[in-house]
Amino acid sequence: MHAHYGAGGDGGGGRRAAPLQGDAGLYFLGSLHELVAVGLHRPALEALCAGQRDLAEPPIDRAYLLKVLDEEISRQFGHPLRPLIELVLNAADAARGPQPLVDVAVTDGRVDVCDTGVGMGLRAILSRLLIPFATDKRPGIDLGRFGVGFFSVLGFGLSDPESFSLHLTTGDGIEGWAIRVVPWPGAGDEPDPPASAPEEVGRARGRASPELAAALMCSVRRIAPLLGTRVRVTSALLEASAVRAYLRDALHFFPASRALVLLDGAAVNDGRLISGGQLVQETIAPAGGARGRAASPAGEARTTAAGEARTTAAGEAAEAQGPALLARFHIGGRGLLPSISAATFHAGVKVDACLALAELALIDFPAAVELTEGRDALKVGPEFTAAATAFYRRLIQLAAASGEGRRTRDRLAEMAAQISALMLQSAGWDEVARDLARALLGPGRCMVTPERREALLGFLGPSVAERLFVPESFWAEREWQPHLPGERELLEDELELDPAETLSALARRRGDLAGLPLLLARAANPHTTLVALCRSRLLPDRGGAGAAASRRAPGAPTFPGAAGRRPPGPLPCLGTRRLLLIRDDSPAVRRPSGWSDWYALRAAFDRASGVREADLERDLIVGEPVDGAACAAPRPGERTSGGEP
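Here is what the cut-offs are and how they apply
Throughout, a residue's number is its position along its own chain's written sequence, starting from 1. Per-residue local features are limited, in this predicted model, to residues with pLDDT of at least 70; the limit for side-chain atom pairs, both in listing and counting, is 80 or more; totals at the level of whole chains, interfaces and linings are taken over all residues. Each side-chain value is worked out from all heavy atoms of the structure, with water and hydrogens disregarded. Put simply, DSSP H or I for four residues or longer makes a helix, DSSP E for two residues or longer makes a strand, and each gets a number counted from the N terminus. Throughout, exposure labels follow a simple rule: accessible area from a 1.4 Å probe, protein chains only, divided by the maximum for the residue type, with under 20% read as buried, over 50% as exposed, and the rest as partly exposed. A contact between two residues is defined here by any heavy atoms of the two lying within 4.5 Å. Areas reported as accessible are Shrake-Rupley estimates using a 1.4 Å probe. Residue values count occlusion only from the protein chains shown. Simply put, an axis is a line fit to the C-alpha atoms, just over the touching stretch for a helix, and the angle between two N-to-C directions goes from 0 to 180 degrees. Throughout, the term roughly parallel applies to angles under 35 degrees, roughly antiparallel to angles over 145, roughly perpendicular to angles from 65 to 115, and oblique to all others. Ten residues, namely Ala, Val, Leu, Ile, Met, Phe, Trp, Tyr, Cys and Pro, are considered nonpolar, four, namely Asp, Glu, Lys and Arg, are considered charged, and the remaining ones, Gly among them, are considered polar. Here, any two strands with at least 2 DSSP bridges between them count as paired. For this analysis, a ring pair means two rings from Phe, Tyr or Trp (six-membered ring only for Trp) whose centres lie within 6.5 Å, classed as stacked if their planes differ by under 30 degrees, edge-to-face if by over 60, and tilted for the remaining angles. Charges are assigned to positions over rings by a cutoff of 6 Å between ring centre and Lys NZ or Arg CZ, combined with an angular limit of 35 degrees from the ring normal. Side-chain atoms within 4.5 Å are what join buried Ala, Val, Leu, Ile, Met, Phe, Trp, Tyr and Cys residues into a set we call a nonpolar core. Throughout this description, the term salt bridge denotes a Lys or Arg side-chain nitrogen within 4 Å of a carboxyl oxygen of Asp or Glu.

(A) Representation of the overall build of the chain within the structure. What the chain contains, in helices and strands, is 22 helices and 24 strands. Taken across its 645 residues, the chain has 52% of its residues classed as buried. In the chain, the proportion of contacts linking residues at least 24 apart, taken out of those at least 6 apart, comes to 71%. For the chain, the exposed surface amounts to about 28500 Å²; the carbon and sulfur share of it is 54%.

In structure tokens:
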């Protein structure tokens, strides 16, 4: 057992003790895992708190203890600086006063996190701070709930142990304690490691060893009484500008009512880093109740001109009750620093970023939503889904209140789907997507992909543009696809479709369509190419033949039945997954005349048949001239671009 030195007293603040001469209040010096073993073994813990100089070795399985500690120390977070957030959360839980403060100071190679709240005595240090998962945090009230914040910070010693040290001073106003953790061999003020730990020293000097816990030395000293806690982390990995940017990004939405976080003396969560937008607080229906919705206006937030919002007194009272599910949403603002992006938060701390969104959308989940074991993701459950659904419905309210045009509503629909896919794991999306579609997109909208938009407008005509919803991202396309009609429904709704047949059979049957011979000549195999004739559907009669005629655009076809139909687009052909559509109401198909009609037939058919755009352009440059005489000449099965006869 390593050497232990006592100064008398119970170490818990109940009985004061004077340090022994020459010991400078030293209570423990040895391996960190030995001190953890003392905390796990009650007789050893009581003996150390009583100041006994020699302690019996606790009957703890050292191999298993080292395994547990190494897992906690080397635990990987989504961001390498995340352990610093654990320190801030612990400080926020301890902070007290009308406006609790957490002071963070950052310099190159060092970070200090301080609070003036409730500190710890030796007994609390041994039984709480140094025991993984032995936390006294209150669920739903305190932010940290896993009891591993102290050990996660030790992970900075994995990559560069020579530059790492952790120095913690804490006190409850009656006494004070200092704990220092460094890799073997010790820092300047520590004596050489005890001779009883040669294996630990060897492992510490071999940087390839994964057992960091066995290579950490810990000292515990009594110091002058103080109030609060200061944690100093030293590591060459802590580059000041990167640490500051990360802390601002992760903490700018932290609820100031919990604690005001000062970074080098400047507040980071008082709203100064966000411009514009709306900040609201909503009471969410409890799990098992109604779907997530705002239960009352008591939790609404007042938005100032600068975009900074403060909750009403009623909302703060509701938050103090604890069991209610309260969520905060900040929508539509922008970050004043490049690092601040759309994100989800848990108790005000970022757990997932969404860099694909141009708008700022921040979601702070209720404390009832649990974190995963890695503490970088939220567990999807009833509470999570209720908050997500409430956020989607808040977007509906925002659209209704803004009164903006279709372009803004389409952008909101895009943003809602991206947030669902990238931030909220699609939680609650199926429940609210239809309501979102009605409120944001309106009736009759069909979703088409960006690469199909121009082809559909060219085939159906520009009048159909108002029916198209074109998602900007893959994620929005994925989320909206199950809930919106697509291209097939759009075509069936806009067109009268004849039964499918081969192109050769169609050309024999419809000799009156003068454009079909050109299509027949350009087809690689007209006997197997499936096509279907189509035309615009009759429009609802809202004023008789005169009204129908007035709706007909200049140059629209005048063949029988054209009145009362939407005019066709300039492209007479459109390729689909099953077959190729040909418009018999297109002038280029009925009576092609001039260069433009011949070009429309040739280019549209080639594109619809799958000819590459590069081959099509090459053919236009080096191929035969596009005119009536040239187009009438080719024989069936002969073509000048894409594919073989």
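Back to the write-up after that little detour.
(B) View of the packing of helix α10 (residues 382-402) against helix α11 (residues 406-422). Axis separation between α10 and α11 bottoms out at 11 Å; the angle between their running directions is 170°. As far as their axial angle goes, α11 and α10 are roughly antiparallel. On the side of α10, the interface is formed by Phe-391, Tyr-392, Leu-395, Leu-398, Ala-399 and Ala-400, while α11 contributes Arg-409, Leu-412, Met-415, Ala-416, Ile-419 and Ser-420. Considered class by class, the residues forming the contact of α10 with α11 number 10 nonpolar, one polar and one charged.

(C) Structural context of the sheet that holds strand β2 (residues 101-107). The strand order across the open sheet built from nine strands is β1-β6-β5-β4-β7-β3-β2-β8-β9, with neighbouring strands paired in mixed fashion. Of all strands in the sheet, those with a lone pairing partner are β1 (26-31) and β9 (266-267), marking the two edges. Where strand β4 (residues 165-172) meets strand β7 (residues 227-234), eight bridges bridge the pair, whose relative direction is antiparallel. Residue pairing across strands places Asp-172 opposite Leu-227, the latter belonging to β7. Most of the contacts of helix α8 (residues 240-251) go to β2, to which it runs at about 155°, and overall it touches β2, β3 (110-115) and β8 (260-263).

(D) Main features of the packing of aromatic side chains. With the rule as written, the count across this model stands at 10 aromatic pairs. Aromatic side chains Tyr-392 and Trp-429 sit 5.3 Å apart centroid to centroid with 80° between the ring planes, which places their arrangement in the edge-to-face category. Of this pair, Tyr-392 sits in helix α10 while Trp-429 sits in helix α12 (residues 429-441), and the two are 37 residues apart along the sequence. Of the residues examined, Trp-429 reaches a relative accessible area of 2% and is grouped as buried. Ring geometry for Trp-595 versus Tyr-599: centroids 5.1 Å apart, planes at 5°, classification stacked. Of this pair, Trp-595 and Tyr-599 both sit in helix α20 (residues 594-608), four residues apart, roughly one helical turn. For Trp-595, a relative accessible area of 53% gives the class exposed. In textbook terms, an aromatic cluster arises when at least three aromatic residues are bridged by ring pairs, as seen for Phe-329, Phe-391, Tyr-392, Trp-429, Phe-469 and Trp-480. The ring of Phe-253 is capped by Arg-328, whose NZ or CZ atom sits 4.0 Å from the centre of that ring. Lying over the aromatic face of Phe-459, Arg-583 brings its terminal NZ or CZ to 5.5 Å of the ring centre.

(E) Structural detail: the nonpolar core. Counting residues in hydrophobic clusters, the biggest one holds 74 residues, and the most contacted among them are Val-104, Leu-154 and Leu-247. Broken down by element, the residue count for this core peaks at seven residues, all from helix α4 (residues 82-94). Core analysis: the second largest hydrophobic core is formed by 48 residues, Ile-284, Leu-412, Trp-429 and Val-432 among them.

(F) Summary view of unusual backbone geometry. The phi angle at Asp-264 is positive, at roughly 55°, despite the residue not being glycine. Tracing the backbone shows Asp-264 in the loop between β8 and β9. The partly exposed category is assigned to Asp-264, whose relative accessible area is 39%. A positive phi angle is found at Ser-426, which is not glycine, with a value near 60°. With respect to the element layout, Ser-426 can be found in the loop between α11 and α12. A relative accessible area of 27% places Ser-426 in the partly exposed class.

(G) Seen up close, the pattern of salt bridges. For the structure shown, the criterion picks out 33 salt bridges. One salt bridge in this structure joins Arg-272 and Asp-270, with 2.5 Å as the shortest N-O distance. For Asp-270, a relative accessible area of 18% translates into the label buried. In this structure, the salt-bridge partner of Arg-509 is Glu-501, at a minimum N-O distance of 2.6 Å. According to the relative accessible area criterion, Arg-509 is partly exposed, its value standing at 46%. Taken together, the salt bridges that share partners define one network made up of Glu-496, Asp-498, Arg-535, Arg-565 and Asp-584.

(H) Structural view of the pairing of strand β15 (residues 342-346). A large share of β15 lies buried, amounting to five of its five residues. Burial along β15 is two-sided: the face carrying Ala-342, Thr-344 and His-346 and the face carrying Ala-343 and Phe-345 are both buried. Where β15 hands over to strand β16 (residues 349-354), the hairpin turn is made up of two residues, of which Ala-347 adopts a positive phi near 55°. Where β15 meets strand β17 (residues 360-365), four bridges bridge the pair, whose relative direction is parallel. Looking at β17, one finds that His-346 is bridged to Phe-365.

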